[in-house]
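Structural overview for review
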Amino acid sequence: MDERTQPALVAIVGKSDSGKTTLIEKVVPELVKLGLRVGTVKHDAHSFEIDHPGKDSWRHGQAGATAYAISSPERLAFITKLDHELPLVDIVKTYFTGFDIVVAEGYKRTAPYRVELFRRGAGHAEPLCEPGEAIALVTDAELAHEHRFGLEDGAGLAAFLAARLDDLRAY
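These numbers come from a predicted model, not from an experiment.

With five of five residues buried, strand β5 (residues 101-105) lies mostly within the body of the structure. Residues Ile101, Val103 and Glu105 point to one face of β5 and Val102 and Ala104 to the other, with burial holding for every one of them. Two strands pair when backbone bridges link them, and strand β1 (residues 8-13) and β5 are joined in this way by five bridges, in the parallel orientation. Paired with Leu9 across the two strands is Val102, which belongs to β5. Of the strand pairs in this sheet, strand β2 (residues 38-42) and β5 are connected by five bridges, and their pairing is parallel. Bridged to Val38 within β5 is Ile101.

What follows is the structure in structure tokens.
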């Protein structure tokens, strides 16, 4: 996959309980309204279980399958065991072919492009990113940033990202 065809990639980052998921819920529908095919990736620093003990697919994994899929007319879930965490860019290049943009939640130190969500209202004293690290800042604080958005401005942030798709494909 070359840079011209791979999806744009941006991560919403911020301290714990800053509202990252809520912001993604505001931005994704606005990106879709702009005609974009949008994917998301949620980073979990801990282990998680998507499959349920006792279910047939879970039993496939217990039997020794390294990877298995659950498929229905509406959804497909692919589960694979990993020896190490995959980098975000590898996940996007492998699983999001044909998407216009992927919005990740987390990956605060490894995402190639980051939008920081900083909320004083959540009790945070200072932003997570160093000056110049985040391409945009979504905040309830009076902080200087060239591309600053209010907490409710999902449409503005979506338009900002959509105007930079080509730049966000360079990773």
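The structure having been displayed, the exposition proceeds.
What follows covers the sheet that holds strand β8 (residues 148-149). Within the open sheet, the six strands sit side by side as β2-β5-β1-β6-β7-β8. Their pairing is parallel. Strands at the two margins of the open sheet, each flanked by one partner only, are β2 and β8. Sitting on the sheet, helix α1 (residues 20-33) touches β1, β2, β5, β6 (114-118) and β7 (136-139), and the angle it makes with β5 is about 170°.

Across all of its chains, the model carries seven salt bridges by this definition. The closest approach of N and O atoms between Glu152 and Lys26, which form a salt bridge, is 3.0 Å. Here Lys26 lies in helix α1 and Glu152 lies in the loop between β8 and α4 (154-162), a separation of 126 residues in the sequence. With a relative accessible area of 64%, Glu152 lands in the exposed category. The salt bridge involving Lys42 is made with Glu105; its shortest N-O contact spans 3.7 Å. Taken together, the positions of Lys42 in strand β2 and Glu105 in strand β5 put the pair 63 residues apart, joining distant regions of the chain. Accessibility expressed as a relative area gives 55% for Lys42, which makes it exposed.

Right, let's get into the side chain of Glu105. Its relative accessible area of 9% is what places Glu105 among the buried residues. Of note is the side chain of Glu105, whose polar atom sits 2.8 Å from the side chain of Thr21.

Turning to helix α3 (residues 88-95), its buried residues are Leu88, Ile91 and Val92. Here the buried residues of α3 occupy an arc of 95° about the axis, which is enough to place them on one side. Buried residues along α3 sit against β1, β2 and β5.

Membership of the largest hydrophobic core comes to 24 residues, with the highest contact counts inside it found for Leu31, Ile101, Val103, Val115, Leu157 and Leu161. For this core, the secondary structure elements donating two or more residues are β1, α1, β5, β6, β7, α4 and α5 (165-168). Here this core gets five residues from one element, more than from any other, and that element is α1. Dropping the residues within four chain positions of it, Val103 is found in contact with Val10, Ile12, Ile24, Leu31, Val38, Gly39, Thr40 and Val41. The next biggest cluster of nonpolar side chains, apart from the first, holds 16 residues, and it includes Phe96, Phe99, Val102 and Ala104.

With that out of the way, let us pick up the packing of aromatic side chains. Ring pairs (aromatic) are described by centroid distance and by the angle formed between their planes. Per the stated rule, a full pass over the model turns up three aromatic pairs. Between the aromatic rings of Phe96 and Phe99, the centroid separation amounts to 5.2 Å while the plane-to-plane angle is 70°, which identifies the pairing as edge-to-face. The buried category is assigned to Phe96, whose relative accessible area is 12%. Residue classification places Phe99 among the buried positions, given a relative accessible area of 16%. One cation-aromatic arrangement involves Arg37 over Phe99; the distance from NZ or CZ to the ring centre is 3.9 Å.

Procedures and definitions
Residues numbered from 1 in each chain as written. Predicted model: local features only at pLDDT ≥ 70, side-chain atom pairs only at ≥ 80, totals over all residues. Heavy atoms only, no water. Buried < 20%, exposed > 50% of the residue type's maximum accessible area, 1.4 Å probe, protein only. Helix = DSSP H or I, 4+ residues; strand = E, 2+ residues; numbered from the N terminus. Pairing = 2+ DSSP bridges. Contact = heavy atoms within 4.5 Å. Axes fitted to C-alpha atoms, helices over the stretch in contact; angles between N-to-C directions. Salt bridge = Lys/Arg side-chain N within 4 Å of Asp/Glu carboxyl O. Polar contact = N/O pair within 3.5 Å; in protein donor to acceptor, adjacent residues only side chain to side chain. Arc of directions from axis to C-beta. Core = buried A, V, L, I, M, F, W, Y, C linked by side-chain atoms within 4.5 Å. Phe/Tyr/Trp six-rings, centres within 6.5 Å; stacked < 30°, edge-to-face > 60°. Lys NZ or Arg CZ within 6 Å of the ring centre and 35° of its normal.

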